[in-house]
Amino acid sequence: MCDALGIINFSRSQIHVEGLQDYRSIGAFSFLGRYRMIDFPLSNMTNSGMDQIKVFLNKQPRSLVEHLGTGRHYNINSKRGHLHILFSEGERKNSLYDTDIATYLDNLAYIEENPFDYVIIAPSHMIFKQDFDELMNKHVESGADITLLYHTVDNANESFFNCDILNLNKQKGVLSIEKNRATAKNRNIFMDTYVMRKDLFIDLLKKGASHSALYTLPQVVNHACRDFDIRGISHRGYFAAVTDLKSYFDANLSLLDAKTRNLLFEEDWPIYTRTSDSCPTKYLETASARSSIISNGCTIEGDIENSIIGRGCNIKKGAVLKNCVVLPNVTIGEDVHAENLIIDKYAKLIHAKEVICTPEQPGYIKRSDCI
């Protein structure tokens, strides 16, 4: 059991997913048809034995609050466990000042009163599997002040924009944290995941706020590299960071491959989510589906290839969907050809018979739009 307070942070202001984020926070994004983004860090924490978890929100909270509910569907201990949703309390006219540190300080009393000596902080805009109990043990054994989780990639010049990178010495000590400026292929992408003592975490928050109201937690930890023993631990397995529309599109479609999907989903590591009591999907005689994930409650008459289909969708006769991420309750009309699209909830493609974009620049159909 991991004896630490779990904190799930919201995405930073420079991260913006066009269209989708107008209606919900990134943690509430639909993922693989049946999940939400926040299901993955929450499941990591509960599978690691953590049952005191605080989720911080700052913008567009309604969808995520509805999904989280009491948190009991995340297998949190019913007697001592608690999922606590906390909000940014300050009235900040400029979004630049609406930082994670500001929100933590708005709710500092809830952090201070928690009995655990350690905190583990994870992001809501990244998808990965991690045993936090194992990470905590490595942190304690190392004697480090702060442990940061990172993932080594060889395509940082093409992906992971708006992410931070860790500069490490030969002993995996963190020399600095900086932005990924796409100047090199091989980088250690910081997974916005921290392990440290709670009292040190609180001291860093106060120190950061005293220096600048614009400071974020990565900036404060970066400055602390000179004074503290901060070490990196490498992550293995599937990793995706949703920082823009294309990264969301790519993350979904990458998991259509069974080998890739098995890196994230394991029998002994369930991903919990709020369930929906919908009927099985109905496939009519004209239906065809290949290399796709199709959720419950749909009616399929058309042709689907290499796509993610959310709950309650209606794909009419003669319709063709290829390389699409379709959110719940979407209607695709007869003989419509849609390719390389993200189609938001309640949208209808019934008038335009051909909507085709490229994988490099996937298109976005607005929520409730009728085309």
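Before reading on, note that the structure itself is shown above.
Quick summary incoming for the structure in this document. Remember, predicted model here, so these are calculated numbers, not experimental data.

### Section: the overall build of the protein chain
Of regular secondary structure, the protein chain possesses nine helices and 28 strands. Relative to the globule expectation of 21 Å for 371 residues, the C-alpha radius of gyration of the protein chain, 21 Å, shows essentially globular dimensions. By principal-axis analysis of the C-alpha atoms, the protein chain measures approximately 65 × 50 × 45 Å. In the protein chain, once contacts between residues fewer than 6 apart in sequence are set aside, the share between residues at least 24 apart is 59%. Here the protein chain contributes 42 positive and 46 negative side-chain charges, whose respective centroids are spaced 1 Å apart.

### A few points about the pairing of strand β1 (residues 5-9)
Extensive coverage of β1 is indicated by the burial of five of its five residues. Residues of β1 alternate between two faces, with Leu5, Ile7 and Asn9 on one and Gly6 and Ile8 on the opposite face, all of them buried. The pairing of β1 with strand β6 (residues 118-123) spans five bridges and is classified as parallel. Of the residues in β6, the one forming a bridge with Ile8 is Ala122. With three bridges joining them, β1 and strand β4 (residues 52-57) adopt parallel strand pairing.

### A closer look at the sheet that holds strand β24 (residues 337-339)
Ordered in space as β15-β18-β21-β24-β27, the five strands form an open sheet in which the pairing is parallel. In this open sheet, the two strands that pair with only one neighbour each are β15 (288-290) and β27 (354-356). Strand-to-strand twist in this sheet, taken as the mean axis angle between neighbours without regard to direction, amounts to 5 degrees. Where β24 lies against β27, three bridges are found, and the strand directions are parallel. By the bridge assignment for β27, His337 is matched with Glu354.

### Quick word on the state of the cysteines
Applying the stated criterion across every chain, the model contains zero disulfides. Just so you know, Cys298 is unpaired, no disulfide at all, and the nearest cysteine sulfur is the one on Cys313, 4.7 Å from it. Note on Cys357: no disulfide assigned, nearest cysteine sulfur contributed by Cys324 at a separation of 9.0 Å. We classify Cys357 as partly exposed; its relative accessible area is 26%.

### Things to note about the pattern of salt bridges
For the structure on display, the rule yields twelve salt bridges. Between Lys138 and Glu134 there is a salt bridge, with its nearest N and O atoms 3.4 Å apart. Here Lys138 pairs with Glu134, and both are found in helix α5 (residues 132-142), just four residues apart, close to one helical turn. Residue classification places Lys138 among the partly exposed positions, given a relative accessible area of 40%. Taking relative accessible area as the criterion, Glu134 reaches 39% and is therefore assigned partly exposed. Notably, a salt bridge pairs Arg231 with Asp229, separated by 2.7 Å at the nearest N-O pair. Salt bridges linked by common partners bring Arg12, Asp164, Lys179 and Asp192 together as one network.

Thresholds applied
- Residues numbered from 1 in each chain as written.
- Predicted model: local features only at pLDDT ≥ 70, side-chain atom pairs only at ≥ 80, totals over all residues.
- Heavy atoms only, no water.
- Helix = DSSP H or I, 4+ residues; strand = E, 2+ residues; numbered from the N terminus.
- Rg over C-alpha atoms; globule rule 2.2 N^0.38 Å.
- Contact = heavy atoms within 4.5 Å.
- Lys, Arg positive; Asp, Glu negative; His and termini not counted.
- Charge placed at Lys NZ, Arg CZ, Asp CG, Glu CD.
- Buried < 20%, exposed > 50% of the residue type's maximum accessible area, 1.4 Å probe, protein only.
- Pairing = 2+ DSSP bridges.
- Axes fitted to C-alpha atoms, helices over the stretch in contact; angles between N-to-C directions.
- Disulfide = S-S within 2.5 Å.
- Salt bridge = Lys/Arg side-chain N within 4 Å of Asp/Glu carboxyl O.

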